[in-house]
Amino acid sequence: MLSIADTSFSSRLFVGTGKFASSSIMRQAVEASGSEMVTVALRRVDLENPADDIMTALDLTKIHFLPNTSGARNAEEAIRLAHLARAASGTSWLKLEVTPDPRTLLPDPVDTLKATEELVREGFTVLPYINADPILALRLQDAGAAAVMPLASPIGTNQGIRTTMQVEIIIAQARVPVVLDAGIGAPSHAAQAMEMGADAVLVNTALAVAGDPVRMARAFKAAVEAGREAFEAGLGRQSKTASASSPLSGMLTADLNFIQA
Amino acid sequence: MPPSIPQFSQLRQWLAPATGDDVRAALTGKRLDIHDLAALLSPAAEQFLPEMAARSGEVTIQRFGRTTQIYAPLYLSNFCINRCAYCGFAAGNPIPRRKLTLDEAEAEAMILYKRGFRHILLVSGEAPKTLGVDYLEAITLRLRDRFAALSIEVQPLDEDEYDRLFKAGITAVAVYQETYDRRVYDRVHLAGKKCDYDYRIGTPDRAGAAGYREIGIGALLGLADWRAEGLALGLHLQWLRKRFWQTAFTVSFPRLRPAAGAFEPLVTVSEKNLSQLMFSLRLFDPDVGLILSTREEARFRDGMLGLAPTRYSAGSCTAPGGYTSGEHDGEQFSIGDLRTMSEVCSMVAAKGFDPVCKDWDREFQTQGNSTAAPSIQQV
Amino acid sequence: MQIILNGQQKNLDHNITLSTLLDSLNLQPDTMVAEINGRIIKPGSYPQLELKDGDKVELIRFVGGG
Ligand code: SF4
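What you see is a predicted model; the values in this text were computed from it and never measured. (Residues numbered from 1 in each chain as written. Chains lettered and ligands numbered in written order. Predicted model: local features only at pLDDT ≥ 70, side-chain atom pairs only at ≥ 80, totals over all residues. Heavy atoms only, no water.)

Considering the environment of glutamine 9 of chain C
Residues and elements named next belong to chain C. The criterion, for reference: Runs of H or I in DSSP of at least four residues are treated as helices and runs of E of at least two as strands, each being numbered from the N terminus. Think of it in three bands: with a 1.4 Å probe and only protein chains considered, a residue is buried below 20% of the maximum accessible area for its type, exposed above 50%, and partly exposed in between. By definition in these notes, contact holds between two residues if any of their heavy atoms fall within 4.5 Å. Polar contact criterion, stated in full: a pair of N or O atoms within 3.5 Å, where within protein one must be able to donate a hydrogen and the other to accept it, and residues adjacent in sequence count only if both atoms are side-chain atoms.
Here glutamine 9 is to be found in strand β2 (residues 8–11). With a relative accessible area of 58%, glutamine 9 lands in the exposed category. Between the C-alpha atom of glutamine 9 and that of glycine 54, which follows or precedes it by 45 residues, the distance is 9.3 Å. Ignoring sequence-local partners within four residues, the contact set of glutamine 9 consists of Gln2 and Ile3. For glutamine 9, the side chain forms a polar contact with the side chain of glutamine 2, separated by 3.2 Å.

A closer look at the interface of chain B and chain A
Filter applied, for reference: Reported buried area values correspond to the accessible surface (1.4 Å probe) lost by two parts on association, with both partners' losses combined. Put simply, a salt bridge is a Lys or Arg side-chain nitrogen that is within 4 Å of an Asp or Glu carboxyl oxygen.
The interface of chain B with chain A comprises 34 residues on the first partner and 26 residues on the second. Of all residues in chain B, the largest losses of buried area upon contact with chain A belong to Arg31, Lys242 and Trp245 of chain B, amounting jointly to 28% of the total for that side. Inspection of the region where chain B meets chain A yields 1 salt bridge. In this structure, the salt-bridge partner of lysine 30 of chain B is glutamate 168 of chain A, at a minimum N-O distance of 3.2 Å. Linking chain B with chain A are 9 residue pairs in polar contact (both at pLDDT 80 or more).

A word on the confidence of the model for chain A
The cut-off we apply is this: Across the chain, each position has a pLDDT score giving the predictor's confidence in that residue, from 0 to 100.
Taken residue by residue, chain A gives an average pLDDT of 88. The fraction at 70 or more is 92%. A low-confidence stretch, residues 238–242 of chain A (pLDDT under 50), is modelled with 5 contacts involving residues beyond four sequence positions or located in other chains.

Quick word on the nonpolar core
To keep things clear, this is the line we draw: Nonpolar cores are built from buried Ala, Val, Leu, Ile, Met, Phe, Trp, Tyr and Cys residues. Side-chain atoms within 4.5 Å join them into one set.
Core analysis: the largest hydrophobic core is formed by 125 residues, its most contacted members being Ile120, Tyr180, Tyr212 and Phe253 of chain B. In contact with tyrosine 212 of chain B, other than residues within four places in its own chain, are Tyr162, Leu165, Phe166, Ile170, Thr171, Ala172, Val173, Ala207 and Thr247 of chain B.

Describing unusual backbone geometry
Phi angles above zero are rare outside glycine, and aspartate 6 of chain A is one such case at about 70 degrees. Along the polypeptide, aspartate 6 of chain A turns up in the loop between β1 (2–4) and β2 (7–9). Within the chain, glutamate 178 of chain B stands out as a residue other than glycine whose phi angle is a positive 70 degrees. Counting through the fold element by element, glutamate 178 of chain B comes out in the loop between β5 (172–174) and α8 (182–188). Classification of glutamate 178 of chain B as buried rests on a relative accessible area of 9%.

Describing the packing of aromatic side chains
The line we're drawing: Working definition: a ring pair exists when centres of Phe, Tyr or Trp rings (six-membered ring for Trp) sit within 6.5 Å. Plane angles under 30 degrees give stacked, over 60 give edge-to-face, the rest tilted. Only when the NZ atom of a Lys or the CZ atom of an Arg is both within 6 Å of the ring centre and within 35 degrees of the ring normal do we say a charge sits over the ring.
The tally for this structure, following the rule as stated, stands at 10 aromatic pairs over all chains. Where tyrosine 86 of chain B meets phenylalanine 263 of chain B, the ring centres are 6.4 Å apart and the plane angle is 75 degrees; that geometry is what we call edge-to-face. Residue tyrosine 86 of chain B is found in the loop between β2 (83–84) and α5 (102–115), and its partner phenylalanine 263 of chain B is found in the loop between β8 (248–252) and α12 (271–284); the two are separated by 177 residues along the sequence. The pair formed by tyrosine 86 of chain B and phenylalanine 263 of chain B is uniform in burial state, with each residue classed as buried. A connected cluster of aromatic rings, assembled from ring pairs, spans Phe9, Phe14 and Trp93 of chain A. The ring of tyrosine 199 of chain B has lysine 193 of chain B lying over it, and the distance from NZ or CZ to the ring centre is 4.3 Å. Above the face of the tyrosine 199 of chain B ring, arginine 206 of chain B is positioned so that its terminal group lies 3.9 Å from the ring centre.

Here we look at the site of the ligand
Cut-off, in case you're wondering: The near set for a molecule or strand comprises every residue that places at least one heavy atom within 4 Å of it. Each residue gets one of three labels, nonpolar for Ala, Val, Leu, Ile, Met, Phe, Trp, Tyr, Cys and Pro, charged for Asp, Glu, Lys and Arg, and polar for the others, Gly among them.
Every residue close to the ligand is listed here: Cys80, Asn82, Cys84, Tyr86, Cys87, Phe89, Ala90, Gly125, Glu126, Lys194 and Gln332 of chain B. Residue classes in the shell around the ligand are distributed as 6 nonpolar, 3 polar and 2 charged.

Observations concerning the sheet that holds strand β6 (residues 93–96) of chain A
Residue and element names in this part refer to chain A. Formally: Paired strands, in this sense, are two strands between which DSSP finds at least two bridges. Simply put, an axis is a line fit to the C-alpha atoms, just over the touching stretch for a helix, and the angle between two N-to-C directions goes from 0 to 180 degrees.
Ordered in space as β6-β7-β8, the 3 strands form an open sheet in which the pairing is parallel. Taken across any chain shown, the strands that pair with only one partner, and hence form the sheet edges, are β6 and β8 (149–150). This element, helix α4 (residues 109–121), spans β6 and β7 (125–130) of the sheet and lies at about 175 degrees to β7.

Details of the interface of chain A and chain C
Put simply, an interface is often sized by how much accessible area is lost when its parts join up. Listed per partner, the contact involves 31 residues of chain A and 18 residues of chain C. Buried area between chain A and chain C, summed over both chains or domains, comes out near 2,200 Å², and the portion from carbon and sulfur atoms is 64%. Taken as a group, Arg44, Val45 and Leu47 of chain A account for 28% of the area that chain A buries against chain C, more than any other trio of residues on that side. Inspection of the chain A/chain C interface yields 2 salt bridges. We note a salt bridge from arginine 44 of chain A to glutamate 58 of chain C, for which the minimum N-O separation is 2.7 Å. At the boundary of chain A with chain C, the tally comes to 9 residue pairs in polar contact (both at pLDDT 80 or more). Breaking the side of chain A that touches chain C down by element, the ones donating at least two residues are β4 (37–44), α2 (54–57), β5 (64–67) and α3 (75–89) of chain A.

Brief notes about the arrangement of the chains
With 2 pairs of chains in contact overall, the greatest share of contacts is found between chains A and C. The least C-alpha distance between chain B and chain C, which are not in contact, is 30 Å.

Looking at the pairing of β6 of chain A
Residue and element names in this part refer to chain A. Using the following cut-off: A clockwise path from the first strand over the helix to the second, with the strands pointing away from the viewer, defines a right-handed crossover.
Of the two faces of β6, the one carrying Trp93 and Lys95 and the one carrying Leu94 and Leu96 are both buried. In terms of strand pairing, β6 meets β7 through 4 bridges, oriented parallel. The residue bridging lysine 95 from the neighbouring strand is leucine 127, located in β7. With α4 bridging β6 and its parallel neighbour β7, the resulting β-α-β unit is right-handed.

Observations regarding the pattern of salt bridges
Should their charged atoms come close, side chains of opposite charge can pair. Residue and element names in this part refer to chain B. Evaluated as defined, the whole model comprises 36 salt bridges over all chains. Across the pair glutamate 178 and lysine 194 runs a salt bridge whose closest N-O atoms are separated by 2.8 Å. Linking glutamate 178 in the loop between β5 and α8 with lysine 194 in the loop between β6 (189–191) and α9 (197–201), this pair joins segments that are 16 residues apart in sequence. Here arginine 301 ties to aspartate 337 by a salt bridge, and the two come within 3.0 Å at their closest N and O atoms. Here arginine 301 is found in helix α13 (residues 298–304), whereas its partner aspartate 337 is found in the loop between α14 (322–325) and α15 (341–350), with 36 residues between them in sequence.

Brief notes about the pairing of strand β5 (residues 56–64) of chain C
Working note: regular strand, side chains alternate between the two faces of the sheet. Bridge count for β4 of chain A against β5 of chain C is 5 bridges, and the pairing is antiparallel. The partner of leucine 42 of chain A across the bridge, within β5 of chain C, is phenylalanine 62 of chain C. Bridge count for strand β3 (residues 32–36) of chain C against β5 of chain C is 5 bridges, and the pairing is antiparallel. Across the sheet, residue glutamate 35 of chain C finds its bridge partner in β5 of chain C, namely glutamate 58 of chain C.

A word on the packing of helix α3 (residues 34–41) of chain B against α12 of chain B
Residue and element names in this part refer to chain B. In plain terms, the rule: Under this scheme an angle from 65 to 115 degrees is roughly perpendicular, one under 35 degrees roughly parallel, and one over 145 degrees roughly antiparallel; angles in between are oblique. Two helices crossing with the near one rotated counterclockwise from the far one by less than a right angle form a left-handed crossing, whereas a clockwise rotation gives a right-handed crossing.
Contact geometry for α3 and α12: axes closest at 9 Å, N-to-C directions at 160 degrees. Comparing the axis directions of α3 and α12 gives the class roughly antiparallel. Our pair here, α3 against α12, has a crossing hand that is right-handed. Here Ile34, Leu37, Leu40 and Leu41 of α3 come into contact with α12, specifically with Gln276, Leu277, Ser280, Leu281, Leu283 and Phe284.

Rendered as structure tokens:
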């Protein structure tokens with residue numbers, strides 16, 4: 001079972017709650033996804049039109065709330081948002097996002113590390129959103145991050161996993177859970193992430209903009225479960241065995257006559 | 001929290017079911033897990049040894065290039081408070097005991113320096129009161145400007161002691177568990193602090209916490225089931241890699257050989273077994289340094305070059321003061337490859353590899369500047 | 001007096017508390033967080049907290065986000 005900072009999750013699918021057509025569709029999609037962790041953002045109350053609060057739309061007894069710091073362009077802004085998020089939610093869990101470039105929304109590694117160091121000192125459970133940089137992931141782990149969230153491809157692009165080599169290294173090296181975030185556009189991408197050994201995936205846009213977000217949520221749920229199952233079953237080993245009928249043909253051999261019997 | 005290695009009975013259960021298909025899968029897979037390692041170490045893999053050797057050689061050359069590192073051990077002292085059944089230095093053994101003075105140790109090091117060595121491994125028995133951290137720090141300060149790499153293979157130390165030696169200029173720590181089989185461990189460690197399996201297995205963690213550039217682990221082959229020993233080494237390596245990602249790791253496989261009057265190995269490990277073990281670990285962890293010392297014979301060392309090992313000792317004497325006196329009395333173990341350093345280097349070069357004596361320049365690294373060097377006369 | 005509420009100027013009577021302000025805006029205090037001049041206000045103190053001329057008030061809540 002997935003465990004982050006001593007909390008267990010039976011679902012490995014995290015769901016973002018942005019961009020849905022309505023909060024009721026969002027709620028149904030979250031339910032259908034089986035997710036136990038949803039991300040939310042902080043914004044000023046729209047005074048002209050104080051819509052329903054998202055906290056009341058979700059069943060918080062079943063679902064962990066993961067506030068993010070979206071909109072923060074540097075460490076200072078992210079830390080301020082973190083304080084507000086903790087005050088508003090009562091949770092000290094945080095998805096740390098620092099995105100200075102408004103076009104690509106790619107995360108700033110330097111300020112992400114700075115903010116992580118500070119927030120860990122203040123007792124936050126920090127899950128930083130990062131580019132798929134293995135050394136950064138390890139530096140964040142060393143700084144006390146509870147998980148790392150490398151991107152599959154730039155956010156909102158639905159391009160799937162374009163950072164495969166780096167993500168593989170992160171998965172192989174990190175001690176903390178690896179949650180693949182951003183760019184997961186289709187259930188097949190999510191399954192692929194899980195087959196690679198990611199601990200979880202976070203999906204938002206792909207659900208929110210689907211023709212039927214609720215059915216898409218179900219599809220992602222199944223894909224994540226299938227991918228995880230395949231990973232645990234030892235996927236590589238199975239496909240490799242299938243070629244066993246041609247026993248290592250073409251493989252070099254070395255002369256070992258120097259070895260004494 | 002030290003790493004917990006499963007009982008050998010459990011490790012043998014991972015090894016037992018491995019089939020030829022599992023070995024083929026491991027040979028063609030890209031990221032091997034511990035079950036692949038089990039397959040490669042299993043009896044089923046023996047018929048694939050030529051394929052394993054070729055694949056291991058490919059990986060070794062891909063990761064390390066056509067180079068082989070060369071080093072020499074420098075024995076500082078053969079005093080020891082432990083009684084390890086397999087070791088000539090064991091307390092109570094009637095051998096001439098000697099601890100080099102700092103001047104003598106420096107003279108030995110300078111002989112190695114003149115022969116061209118830039119990496120030396122400082123070795124001693126485990127007798128902290130006779131040869132402690134003060135001594136090690138002093139000899140390090142004397143040698144550090146002349147050698148690119150200074151490793152130690154001495155008694156396990158505490159973290160603050162490792163920290164002190166790191167700041168003085170020691171670059172690497174080697175500490176071998178000897179065997180990961182607890183039952184055998186208890187049987188062959190008859191007296192002394194080394195009897196504490198858990199303290200010993202936690203030692204690489206303490207060195208890792210101090211920030212060493214390189215840490216060596218190892219098993220003495222001939223004490224317990226070498227296949228399970230290989231799995232345990234893989235697990236230990238995996239554990240350390242997850243904790244100390246900035247540290248490079250090496251593995252040594254000193255092999256006990258039957259010798260008249262000496263400790264009779266509890267199990268026989270052949271050259272074939274040793275090579276299977278080295279190929280397996282290479283395929284399991286493409287980046288790990290693998291050491292093949294002069295315990296092994298020249299014929300075997302020459303044949304293995306480029307197939308898995310990355311580091312060879314050369315021209316070794318394992319008695320304190322042996323380089324100066326030219327005598328091998330009071331050695332820890334006898335040497336299988338008696339060639340000089342330049343002979344070994346010629347062999348390496350003749351096989352198309354570059355013998356590397358110096359991997360880096362100390363000048364450009366931040367560690368060894370922390371402890372001010374006293375002038376040599378003061379020490 | 002004038003305050004800046006979520007970035008916009010707003011005229012208020014004197015002696016108005018944060019609670020009264022939220023009431024007048026039809027906002028549930030338990031679903032949001034208030035920050036005045038950069039300091040987060042503890043929810044329990046809303047009824048006692050009197051706003052002052054020139055205060056910068058931010059009222060923030062969770063919205064959907066990824
Ligand atoms: S193996 Fe090491 S600790 Fe054991 S007796 Fe020999 S020198 Fe001493």
